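# Architecture and fold: a report
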Amino acid sequence: MIAPNTDRPGLGIVFICAGIFCISLNDMLIKLLSGGYPLHQIVFVRSAIGLMFTFGFVRMEGGLRILRTRTPLLHILRGLMVVAANMAFYAAVAVLPLGQATALFFVAPLFITVLSIPLLGEAVGPLRMGAVVVGFAGVLIMQQPWASDLGVSRVVLLLPVIAALFYALMQVMTRRLGVTTSASAMAVYIQGMFAVVSLLFFVVAGDGRFAEGVENESLKFLLRAWIWPPVEDLWVFGVVGCCAGVIGYTLSAAYKMANAATIAPFEYLGLPLAIFWGWAFFGEWPAPETWAGCALIIGAGVFVFMRERQLSRPMSGWRRRWGRR
């Protein structure tokens, strides 16, 4: 558990809201680019620009000395998790409507609540666990296992959920690593991992040879050849890179400063934002099943948040002694 003086839930909420707005903008712009560029090229440019911003935060928090760590392997593992989460999610975004992919991904806060039990030692009682079950029922409705033809591969539909699991693991690790590691340092490690993995993709598949004959749009997005962007696309890459710098810092800071179960529900801000971007830029509107699933997931998240706020008040008697939740 983190030291008490690092618990600043109000500031953590501000950071998570800022980070989620940048994530939603980033997602929309990457979907715009997904028809002509490979994901690993977008990720490399994003991480290169993001690193420049992040090193500015490093300087503000104490300079290069704060990059020293006694847990390098944990940081590498955390970085690989967020890279895997991004690749799975954006491979789905290339095919699915932005709102639907985001709605499925928003099982992540529920994963965080569950994972905080074994990994952080946080207590989650039957009421919050019941809310988690309701949230996963919303995911099941959006997956529609009873439907014979969804017009899209079920593997693609599962990709945002897989991304959510990796993301949740990464954020719970952030909470633990935040004991001795600054938010800007953790952001540098993540952006560096993005750059390394995307360069490895370029070495192996940057010429597009693995994309030849591939029909699946998600795989095409992962495997097509790198190209030099025209001038009209450069600003999009630039904004994506700026978002990356802000996202890396704000999310790390949020989960360092506040309890995971308190912060996680605020990530649902990204859902209405994604629906708006999908409608405004791609003419997408969620299907009834997506709305129903969203309602269950958001309802579950709000309940978990309200329950956590209630339990954060001073406990007396048997509740303080036994930690009942």
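Heads up: these notes are all about the structure in this document. (Residues numbered from 1 in each chain as written. Predicted model: local features only at pLDDT ≥ 70, side-chain atom pairs only at ≥ 80, totals over all residues. Heavy atoms only, no water.)

This brings us to the pattern of salt bridges. For the coordinates displayed, the defined rule picks out three salt bridges. In this structure, the salt-bridge partner of D207 is R209, at a minimum N-O distance of 2.8 Å. (Salt bridge = Lys/Arg side-chain N within 4 Å of Asp/Glu carboxyl O.)

Our focus in this paragraph is empty space enclosed by the protein. Considering all chains together, one arrives at three cavities of 30 Å³ or more under this definition. Looking at the largest cavity, its volume works out to about 430 Å³. Along the wall of the largest cavity there are 29 residues; nearest its centre are I23, N86, Y167, I247 and L251. Counting only elements with at least two residues in the lining of the largest cavity, the list comes to α1 (9-33), α3 (72-93), α4 (98-105), α7 (154-177), α8 (183-205) and α10 (231-257). With six residues, the top contributor of residues to the lining of the largest cavity is α3. Taken together, the residues that form the lining of the largest cavity break down as 16 nonpolar, nine polar and four charged. (1 Å grid on protein atoms, 1.4 Å probe; cavity = no way out; pocket = protein on both sides within 12 Å on 5 of 7 lines; lining within 4 Å. Points joined across faces, edges and corners; volume = space filled by probe spheres on them. Helix = DSSP H or I, 4+ residues; strand = E, 2+ residues; numbered from the N terminus. Nonpolar A, V, L, I, M, F, W, Y, C, P; charged D, E, K, R; others polar.)

Below, the discussion takes up the layout of surface pockets. For the second largest pocket, the calculated volume is near 190 Å³. Together, 14 residues line the second largest pocket, and P97, Q100, Q144, A287 and T290 are the ones closest to its centre. The class makeup of the residues in the lining of the second largest pocket is nine nonpolar, four polar and one charged.

Attention now moves to the environment of W226. Within the secondary structure layout, W226 lies in the loop between α9 (217-223) and α10. In this structure, the C-alpha to C-alpha distance between W226 and L39, residues 187 residues apart in sequence, is 9.2 Å. Those residues in contact with W226 that lie beyond four places of it in its chain are P38, H40, Q41, F44, S198, F202 and G206. A polar contact is formed between the side chain of W226 and the side chain of H40, at a distance of 2.5 Å. (Contact = heavy atoms within 4.5 Å. Polar contact = N/O pair within 3.5 Å; in protein donor to acceptor, adjacent residues only side chain to side chain.)

This part covers the packing of α1 against α3. The geometry of a pair of packed helices is captured by two quantities: the angle between their axes and the separation between those axes. Packing of α1 against α3 brings their axes to within 10 Å, and their N-to-C directions diverge by 55 degrees. In terms of their interaxial angle, α1 and α3 are classed as oblique. Our pair here, α1 against α3, has a crossing hand that is right-handed. For the pair α1 and α3, contact is made by N26, D27, I30 and K31 and by F89, Y90 and V93, respectively. In the contact of α1 with α3, the residues fall into four nonpolar, one polar and two charged. (Axes fitted to C-alpha atoms, helices over the stretch in contact; angles between N-to-C directions. Parallel < 35°, antiparallel > 145°, perpendicular 65-115°, else oblique. Left-handed = near helix turned anticlockwise from the far one by under 90°.)

Take the side chain of N86 next. Mapped onto the fold, N86 is located in helix α3. At 2.9 Å, the side chain of N86 and the backbone oxygen of V82 are in polar contact. N86 has contacts with R46 and F194, leaving out every residue within four places of it along the chain.

Moving on: the packing of aromatic side chains. Scanning the entire structure with this criterion turns up 12 aromatic pairs. Ring centres of F105 and F106 lie 6.2 Å apart, and the angle between their planes is 85 degrees; on these two criteria the pair is classed as edge-to-face. Residue F105 shares its accessibility class with F106, and that shared class is buried. Put simply, the rings of F89, Y90, F105, F106 and Y167 pair up and form one aromatic cluster. In this arrangement the basic side chain of K31 is found over the ring face of F282, its NZ or CZ atom lying 5.4 Å from the centre. (Phe/Tyr/Trp six-rings, centres within 6.5 Å; stacked < 30°, edge-to-face > 60°. Buried < 20%, exposed > 50% of the residue type's maximum accessible area, 1.4 Å probe, protein only. Lys NZ or Arg CZ within 6 Å of the ring centre and 35° of its normal.)

The next subject is the side chain of Q41. Among the secondary structure elements, Q41 is positioned in helix α2 (residues 39-60). Of note is the side chain of Q41, whose polar atom sits 2.5 Å from the backbone oxygen of I227. With residues up to four places along the chain from it excluded, the contact list for Q41 reads W226, I227 and P229.

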